[in-house]
Amino acid sequence: MIKNKILFFHLVVQVLFVGLMLGLYRTALPALSEIEFNVPKDSYILLSIFIFSFGLVKGIANYYAGIFCDSLGRKKVLFWGWVIAIPAPLIVFYSQNWNYIAISTAIIGIQQGLTWSASQIAMVDVTNQEKRGFAVGINEFAGYFGVTIGGIIISYFTDLYDIRSSILIISIIFLIFTIIQTLNFIEETYPNNLNNNENKLSKKDVFYKVSWGSKPLFAYSQVGHIEKFIDVTVWVFVPIYLFNQGINIIDISILVGIYTITWGILQIFSGYYSDIFGRNKLILIGMFLCAISISILPSINSILIYCINFFILGLGMALLYPSISAAVNDHTEEGWRASALGVYRFWRDTGYASGAILIGIISSVSEITTGFYFVTLSLVISNLILLLVVSKK
């Protein structure tokens, strides 16, 4: 099933630290934006700028990560992804306003696009074809488990130190470790692709095929784009909403952590079961659960119900997230698989950008709960598009 278990383990560690880095930036920064960075209260568009910059550059980085993985190899993409991240915590430490946070988050977006894409492509490389869902599930589990732990770590550190120093110290430790690990323990997983032109497509052809040339790939790309609206909501708008409801930062990090850790852990099983029962059923059920969870969020007034609801939201994401990536793998050939994954991840993660702007505008014009209902409607429409495409196959 796994061709190189030691290398697979080191790649899991890599993506765990990819998630840890992201977790440092997700929970504390939005909730403390008004106190620490003088962002006006209820300025949702201004808050959305840093997610917009993250999603846009991560989407572009994903696209080029796929191309570079096919042309330069996986290991080089991983290494340079970590090196690029070095300025981000320094910018946060010396930041004077929220614009600096947007710049640092954009750098993290590039790092995330390169390292997460390369690690997932490499893990699929060392896994037999019939177990690709399992490999993607393990990859996404490790990454989002890291996001959860990173968010909890930074929340506790901000109780002891200021947020700038906390992010700087922890980030530097993470970066030193991952760069050393990449250089010493990560092997190139697909060296033959550097000189093999069999079954290859041009960059233009791959982009066309994944974006709209192939109906199944189009369906998976649009559902991947829209599901990022969920993560934007939980990343930016849920912490602010809960904070305004009188819930403290540590409790917010725990509630959000229930979502991410449920999503992360259950992906091990959902990725495996998607290999057995098929991808589409899990995607459709997962999108439905997420739509229900987001829609009832404004009506909750109990910590216990919040916990249950965030568990359901995490369950929905666990069902759909690895299943979409595995489905894209299923519809590609080896010669252009990495590039196709890059295009899909481009469309998926630019959902951060479009989601941040649209939800931000709606929340500013109306109120934050209206943004939740907009996300619900978007999920329902996207799910219907996928259902129409797969039902005609």
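From a predicted model like this one, the values you see are computed outputs, not experimental measurements.

To continue, consider a nonpolar patch on the surface. On the surface, a nonpolar cluster with roughly 490 Å² of combined accessible area is contributed by Phe52, Leu56, Ile60, Tyr64, Phe68 and Leu72. Tracing the sequence through the fold places Leu72 in the loop between helix H4 (44–71) and helix H5 (74–84).

For the coordinates displayed, the defined rule picks out 28 aromatic pairs. Between Phe229 and Phe374 the ring centres are 6.0 Å apart and the planes differ by 25°, which places this aromatic pair in the stacked class. In this pair, Phe229 is assigned in helix H11 (residues 215–244) and Phe374 in helix H16 (residues 368–391), connecting sequence segments 145 residues apart. With a relative accessible area of 3%, Phe229 lands in the buried category. Arranged with centres 5.8 Å apart and planes meeting at 20°, the rings of Tyr273 and Phe277 form a pair that is stacked. Separated by 4 residues within a single helix, Tyr273 and Phe277 lie in helix H12 (residues 249–277), roughly one turn from each other. The class for Tyr273 is partly exposed, based on a relative accessible area of 39%. Here a set of aromatic residues connected by ring pairs shows up, and it is made of Tyr63, Tyr64, Phe68, Phe207, Tyr208, Trp212, Phe346 and Trp347.

Assignment of secondary structure puts Val328 in helix H14 (residues 303–330). Classification of Val328 by relative accessible area gives buried; the value is 1%. Between the alpha carbons of Val328 and Gly19 there is a distance of 22 Å; along the sequence they are 309 residues apart. Excluding its chain neighbours within four sequence positions, the residues that come into contact with Val328 are Leu217, Tyr220, Ala340, Leu341 and Tyr344.

What counts and how
- Residues numbered from 1 in each chain as written.
- Predicted model: local features only at pLDDT ≥ 70, side-chain atom pairs only at ≥ 80, totals over all residues.
- Heavy atoms only, no water.
- Patch = residues over 30% accessible without salt bridge, like charges linked within 9 Å, V, L, I, M, F, W, Y side chains within 5 Å.
- Areas by Shrake-Rupley, 256 points an atom, 1.4 Å probe, with all protein chains shown as cover.
- Salt bridge = Lys/Arg side-chain N within 4 Å of Asp/Glu carboxyl O.
- Helix = DSSP H or I, 4+ residues; strand = E, 2+ residues; numbered from the N terminus.
- Phe/Tyr/Trp six-rings, centres within 6.5 Å; stacked < 30°, edge-to-face > 60°.
- Buried < 20%, exposed > 50% of the residue type's maximum accessible area, 1.4 Å probe, protein only.
- Contact = heavy atoms within 4.5 Å.

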